[in-house]
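# Per-entry structural report
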Amino acid sequence: MKILVFAERNTALAELCSGARSLGDQIEAVVIGTPGALAVDKIWSIPVQENVMLEDYTDSIAAVMDLAAANMLLIESTKRCKLIAGRLAAIKGCSAITDVMEIADNLATKRMVYGGAAVRQEKAVAGPAIIIAGPGVLTASAIATGQGVVETAAYIEPVSRIKIVSRVQKTKVTVNLSAAKKIIGVGRGIAKQEDLTLIRELADAFGAEQGCTRPIAEAEKWLPKETYIGVSGLMLAPELYIAVGISGQIQHTVGINRSKVIVAINKDKNAPIFKQADYGIVGDLYKVVPALISQLK
Ligand SMILES: Cc1cc2nc3c(=O)[nH]c(=O)nc-3n(C[C@H](O)[C@H](O)[C@H](O)COP(=O)(O)OP(=O)(O)OC[C@H]3O[C@@H](n4cnc5c(N)ncnc54)[C@H](O)[C@@H]3O)c2cc1C
């Protein structure tokens, strides 16, 4: 099976290409600009255009899809990539399947619906399947193969382009939770933003990164929204996940249930998170976390 891969970020591109090896035997990537080293069989390189938004490379990517004639186009799960996937599906008359949790060998997919209350199985029936996968969905291949032969593809000017009106610098999120082996997730159990320093201290003591639930990022805005975990955020598979003050609603736990070990700290012994956890500490996080930090130190 031939798989074509496209991503907005280089790290995601490498991860998706490596994961694609577990599904296909011919892996090709489409990149904008000069490609870096990639363990793929072929790289289609579309020349970078000045002042052209990523979305406006859609027609060029569609042309590469024709040339590559792949069975599947695997795309990173970002807002812009989803937009491109939708446009490509419209151009090609095929299906774009978003937010998949699993991709089977026959390209059947599974994804959460109704806010995580049910799992839907879907399979594209016509044309190449356009599948959008987040971090951790595909298992990276242990063997990095492929010569990465580069072929230049044409840039195709779209009929109507997005006009860039202005650019504003955004606060940079330096943490890459998808690659983290240990993650401390924090939820609404913390009373105020300043208390995040306590969680940071715990994360440092474990050598872990910090993630959170959606309300901490979206409602309180105490942590960047790129760090919230769950059905509408990151889907992760770390070795250790410690849930601090997190109730354990399904919309959150689908993002962590592939962790090797889950530890939960919650003052409510009936909190659903304990059903998911390998180890649970029933107690007030303001007592448990300092005690853990002092033991770890
Ligand atoms: C369509 C949809 C999509 C969603 N997507 C996501 C998603 O991707 N990710 C996500 O996280 N959520 C998502 N949600 C929200 C989700 O349903 C939950 O509301 C959310 O995960 C709850 O966050 P929480 O555990 O931080 O807060 P709460 O549910 O309020 O839980 C707080 C927990 O902290 C405990 N606690 C309080 N004080 C202390 C203390 N001092 N010590 C110890 N424990 C304490 C409480 O017992 C409680 O269990 C989504 C919801 C919908 C409808």
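Before any of the text, the structure's been laid out above.
If you're wondering where the values come from, they're calculated on a predicted model, not measured in any experiment.

### Some points on the environment of Lys225
Of note, Lys225 is situated in the loop between helix 5 (214–219) and strand 13 (240–244). With 40 residues separating them along the chain, Lys225 and Gly185 place their C-alpha atoms 13 Å apart.

### Some thoughts on the nonpolar core
Generally speaking, nonpolar side chains in soluble globular proteins are found buried as a group. Membership of the largest hydrophobic core comes to 27 residues, with the highest contact counts inside it found for Ile3, Val5, Leu13, Leu74 and Ile103. Those elements that provide at least two residues to this core are strand 1 (2–6), helix 1 (10–20), strand 2 (26–32), strand 4 (72–76), strand 5 (96–100) and strand 9 (129–133). In this structure, Val5 is in contact with Leu13, Leu16, Cys17, Ala20, Ile27, Glu28, Ala29, Val30, Leu73 and Leu74, ignoring residues within four places of it in sequence. Counting 26 residues, the second-largest nonpolar core is a separate cluster that includes Ala68, Ala85, Ala89 and Ala153.

### Examining the environment of Arg80
Within the element layout of this structure, Arg80 appears in helix 3 (residues 79–92). Residue classification places Arg80 among the partly exposed residues on the basis of a relative accessible area of 28%. Setting aside residues up to four positions removed in sequence, Arg80 forms contacts with Glu8, Met53, Leu54 and Glu55.

What counts and what doesn't
Residues numbered from 1 in each chain as written. Predicted model: local features only at pLDDT ≥ 70, side-chain atom pairs only at ≥ 80, totals over all residues. Heavy atoms only, no water. Helix = DSSP H or I, 4+ residues; strand = E, 2+ residues; numbered from the N terminus. Core = buried A, V, L, I, M, F, W, Y, C linked by side-chain atoms within 4.5 Å. Buried < 20%, exposed > 50% of the residue type's maximum accessible area, 1.4 Å probe, protein only. Contact = heavy atoms within 4.5 Å.

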